[in-house]
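# A closer look at the structure
The chain contents come next:
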Amino acid sequence: MSNANTAAEVRKLPFYMAMVEAIRQEMARDSSVFCLGEDVGQIGGVFQSTVGLHKEFGAERVRDTPISETAILGTALGAAAQGMRPIAELMFVDFMGVCFDQILNNISKTTYMSGGAVKLPLVITASTGGGICDAAQHSQTLHGYFAHTPGIKVVIPSNPYDAKGLMTTAIRDDNPVVYLFHRGLLGLPVLNFIDAQFATDVPEEPYAIPFGEARIVRKGSDVTIVAFAQMVHKARLAAAELEAQGISVEIIDPRTLVPLDMDSIYTSLSKTGRLLVIDEDYLSFGVTGEIIARVAENLGRFTLKAAPRRLAIPDVNIPYSPALENQVIPQVSNIVEAVESLMNNPL
Amino acid sequence: MQASHDQLLWMYHRMLLIREYEDTLAMVYFEGKLPPHIQKGLAFDIGAGTIPGEMHLSAGQEAAAAGVCVHLEPQDSVWGTHRAHHFAIAKGVNLDRMTAEIFGKVDGLCRGKGGHMHLYDPEVNFACNGIVGAGIPHAVGAALAAKLKGNGAVAIAEFGEGAANQGSFHESLNLASLWQLPVVFVCQDNNYGISVSKKASTAVESNVERAAGYAMPGIRVAENDVVAMHVAAGEAIARARRGEGPTLIEMKVDRYYGHFQGDPEGYRPKGEVRALKQSDPIIRLEKQLLEQGVLNEDQVKQARSAASERVQVAIAFARASAYPDAAEARQHLFAE
């Protein structure tokens with residue numbers, strides 16, 4: 001679809017509208033795509049992740065469900081095995097705890113256990129992230145759990161352009177994809193809690209962003225920061241501060257955790273020799289450790305100038321009070337300090 | 001809806017095949033289970049031998065599978081459990097490839113990756129599942145797919161009475177009834193969840209009582225009788241096909257073997273299985289067919305030896321198949 005706009009006038013959309021546009025376009029293109037989940041119908045999702053779709057496609061294809069997460073995911077599996085392409089929303093990723101058997105023992109294992117005979121083209125969507133004082137049961141990101149489980153692709157977009165293109169790819173993929181959207185990035189009026197760009201250029205025509213291709217958010221030469229979702233924006237703010245001190249930061253947003261584009265990280269490290277991995281999931285046994293372990297296994301490909309650093313939720317639950325929440329979710333000041341320590345502590 | 005002679009014969013032959021299959025596996029299972037390296041004191045090595053891993057046999061439950069599957073078309077789906085050979089065979093799963101799968105061979109349904117608790121045959125829309133109750137919502141999803149596609153297919157969730165205490169059962173019944181989906185829930189009461197009896201695990205006398213809680217009909221088949229199951233399942237499947245929503249059936253069945261092969265079954269009263277076999281569903285049907293003149297003694301003998309021969313062909317196929325190449329362990333995580 002072409003239009004007469006010049007490049008400078010490309011349409012801007014917030015994250016949630018970009019995500020919904022991808023779903024709408026895929027539903028229009030492919031009658032096997034349908035949505036189910038709590039509140040996804042009439043009100044378009046409590047995070048507006050399916051807004052307008054119920055009106056456009058009707059209650060058969062955009063289905064409000066009971067509060068029954070096991071039934072939602074189990075139903076998605078059965079429908080996918082029979083050739084449909086369900087998009088099942090979990091609302092808060094924390095609710096995976098209610099239905100983890102369907103994820104851990106069923107959705108992730110069916111294709112493998114069937115020796116490839118059964119395909120499960122389904123998408124699980126869920127909102128993630130802290131920053132609005134929702135406390136320990138409604139603030140987690142948990143992408144590490146999904147990534148740790150073989151057989152699931154994991155998508156974590158950080159901006160509206162990626163949100164649309166990665167959703168298109170997720171729906172077209174013949175495998176289970178967990179697509180996690182950070183509440184702070186959605187661009188909803190009541191959830192604008194990060195000082196970051198909420199609306200970016202999003203082309204109207206459908207486009208698909210391949211999984212496993214990182215985006216270089218910012219070029220730099222002294223330190224490589226790997227960050228996902230909300231942390232990409234915090235890293236950008238930190239990088240601007242560090243720039244003033246003469247420290248040049250390169251930011252890499254892998255965009256998908258499974259598959260994970262390590263080559264882009266290695267290439268960046270060949271230039272900078274310094275690594276900081278920032279995550280909003282728990283610290284231990286998680287994503288930050290995995291990335292640094294892979295770097296350690298490939299030390300022959302580059303020369304590190306400092307021991308890698310990581311920032312994540314420091315192995316506590318996420319507290320309620322804003323005075324406490326800020327202490328456990330990595331903040332811009334923590335990133336600045338971590339980069340400074342990388343610069344000041346050569347190997 | 002009375003069973004026709006053809007239907008009775010179909011069910012009889014399937015039940016014979018299932019019984020022969022399970023009784024044969026019960027013996028083959030112990031082949032190689034006592035390798036020289038086995039530790040002293042162990043009765044056998046579960047992972048060794050011709051059939052590696054655990055083995056949950058369905059002998060005594062054949063009538064449930066035959067009574068349901070006689071009404072099904074290939075496009076209808078069945079979602080089973082860890083003890084699902086009876087439904088697999090009744091649904092028409094390829095017996096050679098099923099057996100090769102159980103032997104862990106490359107010609108198996110899943111190229112040796114699933115094993116006997118995880119058999120998948122998309123050609124006849126059969127799948128089973130090792131987690132108790134997990135497959136129930138999958139049938140609901142298949143029924144939803146059928147409704148959305150408008151293809152008239154019906155989905156069957158088959159499970160034991162133990163699974164009816166899982167949350168997945170209750171969530172699935174509610175959702176299926178709410179959405180009026182073409183699914184039939186077939187609960188087989190063999191009275192045991194491993195060692196715990198139904199009385200010790202279940203607050204209601206019959207799970208059929210639970211159907212009312214989800215505004216769907218419940219049908220109890222109180223005896224291990226394929227003719228009664230044929231009627232109950234026929235009604236339920238016809239309702240589903242008419243778009244009138246789900247039904248819950250609970251059927252009394254018997255588990256002739258242990259929870260797993262080699263189960264010492266200390267929890268079972270002595271002589272229980274022998275007593276249960278007095279009302280064996282195959283003998284019951286066989287008598288009826290002989291009395292009605294549908295079959296004569298020669299034909300019974302012939303049917304029994306045909307079942308036996310078919311099982312031997314499947315076993316031979318599985319024995320002759322190769323193990324998968326080691327590289328396959330890392331394949332099929334994702335669909336290409």
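So, how was this worked out
Residues numbered from 1 in each chain as written. Chains lettered and ligands numbered in written order. Predicted model: local features only at pLDDT ≥ 70, side-chain atom pairs only at ≥ 80, totals over all residues. Heavy atoms only, no water. Contact = heavy atoms within 4.5 Å. Buried area = accessible area lost by both parts, 1.4 Å probe. Salt bridge = Lys/Arg side-chain N within 4 Å of Asp/Glu carboxyl O. Helix = DSSP H or I, 4+ residues; strand = E, 2+ residues; numbered from the N terminus. Nonpolar A, V, L, I, M, F, W, Y, C, P; charged D, E, K, R; others polar. Pairing = 2+ DSSP bridges. Axes fitted to C-alpha atoms, helices over the stretch in contact; angles between N-to-C directions. Core = buried A, V, L, I, M, F, W, Y, C linked by side-chain atoms within 4.5 Å. Buried < 20%, exposed > 50% of the residue type's maximum accessible area, 1.4 Å probe, protein only. Domains from an automatic or database assignment. pLDDT = per-residue confidence, 0-100.

## Section: the interface of chain B and chain A
Counting residues at the interface gives 39 residues for chain B and 41 residues for chain A. Surface buried jointly by chain B and chain A totals about 3,200 Å² across both partners, of which 66% is contributed by carbon and sulfur atoms. When the buried area of chain B at its contact with chain A is split by residue, Tyr120(B), Glu171(B) and Phe334(B) rank highest and sum to 19% of it. At the boundary of chain B with chain A, the tally comes to 0 salt bridges. Taken together, the elements giving at least two residues each to the side of chain B that touches chain A come down to strand S1 (77-79), helix H5 (136-149) and helix H6 (167-178) of chain B. The element contributing the most residues to the side of chain B that touches chain A is H5(B), with 10 residues. Split by residue class, the side of chain B that touches chain A holds 20 nonpolar, 13 polar and 6 charged.

## Re the sheet that holds strand S6 (residues 153-155) of chain A
Consider a sheet: its strands pair through backbone hydrogen bonds, and that pairing is either parallel or antiparallel. Residues and elements named next belong to chain A. The strand order S3-S2-S4-S5-S7-S6-S12 describes an open sheet built from 7 strands, whose pairing is mixed. The open sheet has two edge strands with one neighbour each: strand S3 (62-64) and strand S12 (256-258). Looking at each pair of strands side by side, their axes are set apart by 20° on average, direction ignored. Where S6 lies against strand S7 (residues 177-182), 3 bridges are found, and the strand directions are parallel. Across the sheet, Val155 pairs through a bridge with Tyr179, a residue of S7. Strands in contact with helix H3 (residues 69-81) are strand S2 (33-37), strand S4 (85-92) and strand S5 (123-128); relative to S4, the strand with the most contacts, it is inclined by about 165°.

## What to know about the nonpolar core
Formed by 221 residues in total, the largest nonpolar core has its most connected members in Tyr179(A), Ile225(A), Met98(B), Phe126(B) and Phe185(B). If you count residues domain by domain, this core takes at least three from each of domain 1 (11-201) and domain 2 (215-344) of chain A. Contact partners of Phe185(B), with chain neighbours within four places excluded, come to Ile136(B), Val140(B), Ala157(B), Phe159(B), Ser172(B), Leu173(B), Ala176(B), Met216(B), Pro246(B), Thr247(B), Leu248(B) and Ile249(B).

## Notes on the confidence of the model for chain A
For chain A, per-residue confidence averages 95 on the pLDDT scale, and 96% of positions sit at 70 or higher. Low confidence marks residues 1-5 of chain A, where pLDDT is under 50. Its contacts with residues over four positions away, or in another chain, come to 3 contacts.

## Some thoughts on the environment of Ala322(B)
All names here are of chain B. As for its position among the elements, Ala322 is in the segment after helix H11 (297-320). We classify Ala322 as partly exposed; its relative accessible area is 44%. Ala322 sits 119 residues away from Ala203 along the chain, and the two C-alpha atoms are 48 Å apart. With residues up to four places along the chain from it excluded, the contact list for Ala322 reads Lys105, Val106 and Asp107.

## What to know about the domain arrangement of chain A
By a widely used convention, the size of an interface equals the accessible area lost when the partners come together. Residues and elements named next belong to chain A. Domain assignment breaks chain A into domain 1 (11-201) and domain 2 (215-344). Spacing between the C-alpha centres of domain 1 and domain 2 amounts to 26 Å. Taking both partners together, domain 1 and domain 2 bury about 2,300 Å²; carbon and sulfur atoms supply 59% of that area. Among the residues domain 1 hides against domain 2, the three largest losses belong to Cys133, Ile156 and Ser158. Together they make up 23% of the total.

## Quick notes on the sheet that holds strand S4 (residues 155-160) of chain B
All names here are of chain B. Taken in spatial order, the 7 strands of this open sheet run S2-S3-S1-S4-S5-S9-S8, and their pairing is mixed. In this open sheet, the two edge strands, each paired with only one partner strand, are strand S2 (120-121) and strand S8 (218-221). Where S1 meets strand S3 (residues 126-127), 2 bridges bridge the pair, whose relative direction is parallel. Each bridged residue has a counterpart across the sheet, and for Val78 the counterpart in S3 is Phe126. Sheet strands touched by H5: S1, S4 and strand S5 (183-189). Its angle to S4, the strand with the most contacts, is close to 170°. Contacts between H6 and the sheet are confined to S4, S5 and strand S9 (247-252), with S5 contributing the most and set at about 150° to the helix.

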